Amino acid sequence: MTPAKSPLPADATSLQSAWQAVADGLVIQRLHLHVDEWRSAVTAGDRLPDISGVTAAHLCARPTAPPKGGDRLLRSSELDFWCELPQTYGPECTGAGSPLQHSARRAAENLLLESSRARWGAAVTAVCDAAAWWVGFFAVIRHRGVHHLTLEPHPGPLHLRALESAVQVVAVGAATRVLEAALRADDSSVRRAAYCRAIEYGIEAERELPDLLDELGELRLVDLVSTTARWRGRFMKYAGGTGAGQVE
């Protein structure tokens, strides 16, 4: 029996790769636009006005550093920025561990199972941990944003459970990119099984993703989740010519 082919090599000329580059660039741009605002909120230590029960510092604990040797996979999946920027700004945070990190770790564990100690498995864990930081970053400044559809300011309150769900989606989406890079390097059955679990999760999560995006409400959080998750609507906003560039 002929084995199934690995995911196709990354193609910088493909439409999907182009939209992904736009989405990644937007995440980086937004961090640099709002990092001072975020830092002020974290330093103040106040509770967030739109998310009950947590402070800004609780959502922004520094994630795990990428493993030695895992940087090749991060570069290959074009996610080196994903882990480097939280490492740069993470030390500014001062809280007990982020409740979002637990969701990120569960996502990694569910994908890796017995492979968590492998070098490529550690890279998957690192991008999942970073996913919690990115969701936390935009959650801290969420109350100063606008609704993703109406562009009206002051999005309504949000429950922490929605952020935990968002972390799961973002973590698996980022992990899928790393697993594709890992498969291009070595098409082993263990790596393929982890990749298949990531795709299966994405298919299951797609049914609830529109409702999650509506619950998150705020433009920057919605863009982060929708463009990281593997689902049919991931680049719909950009394809329609609306969104971030007209606001920021």
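Thresholds applied
- Residues numbered from 1 in each chain as written.
- Predicted model: local features only at pLDDT ≥ 70, side-chain atom pairs only at ≥ 80, totals over all residues.
- Heavy atoms only, no water.
- Salt bridge = Lys/Arg side-chain N within 4 Å of Asp/Glu carboxyl O.
- Helix = DSSP H or I, 4+ residues; strand = E, 2+ residues; numbered from the N terminus.
- Buried < 20%, exposed > 50% of the residue type's maximum accessible area, 1.4 Å probe, protein only.
- Patch = residues over 30% accessible without salt bridge, like charges linked within 9 Å, V, L, I, M, F, W, Y side chains within 5 Å.
- Areas by Shrake-Rupley, 256 points an atom, 1.4 Å probe, with all protein chains shown as cover.
- Lys, Arg positive; Asp, Glu negative; His and termini not counted.
- Charge placed at Lys NZ, Arg CZ, Asp CG, Glu CD.
- Expected span 1.5 Å × (residues − 1).
- Bend = angle between axes of the 7 residues up to and from the residue.

A. Looking closely at the pattern of salt bridges. Counting across every chain of the model gives 10 salt bridges. Here Asp50 ties to Arg142 by a salt bridge, and the two come within 2.9 Å at their closest N and O atoms. Note that Asp50 is positioned in the loop between α1 (15-44) and α2 (71-76) and Arg142 in the loop between α5 (119-140) and α6 (160-185), a separation of 92 residues in sequence. A residue is classified by how much of its surface remains accessible, and Asp50, at 5% relative accessible area, is buried. Looking at Arg142, the relative accessible area reads 1%, which means it is buried. The partner of Arg232 in a salt bridge is Glu206, and the shortest N-O contact between them spans 2.5 Å. One end of the pair, Arg232, is in the loop between α9 (219-228) and α10 (236-239); the other, Glu206, is in helix α7 (residues 189-206), with 26 residues separating them in the sequence. Judged by its relative accessible area of 76%, Arg232 falls in the exposed class.

B. Main features of a negative patch on the surface. A contiguous patch of negative charge on the surface is contributed by Glu208, Asp211, Asp214 and Glu215. Relative accessible area serves as the criterion here: at 58%, Glu208 is assigned to the exposed category.

C. Focus on α1. The end-to-end C-alpha separation of α1 is 43 Å, in line with the 44 Å expected for 30 residues at 1.5 Å each. A bend of about 55° at His34 is the largest found in α1. Every buried residue of α1 is accounted for by Gln20, Ala23, Asp24, Leu26, Val27, Arg30, Leu31, His34, Val35, Trp38 and Val42. Following α1 by one or two positions, Gly45 adopts a phi angle in the positive range, close to 75°.

Geometry only, nothing functional implied.
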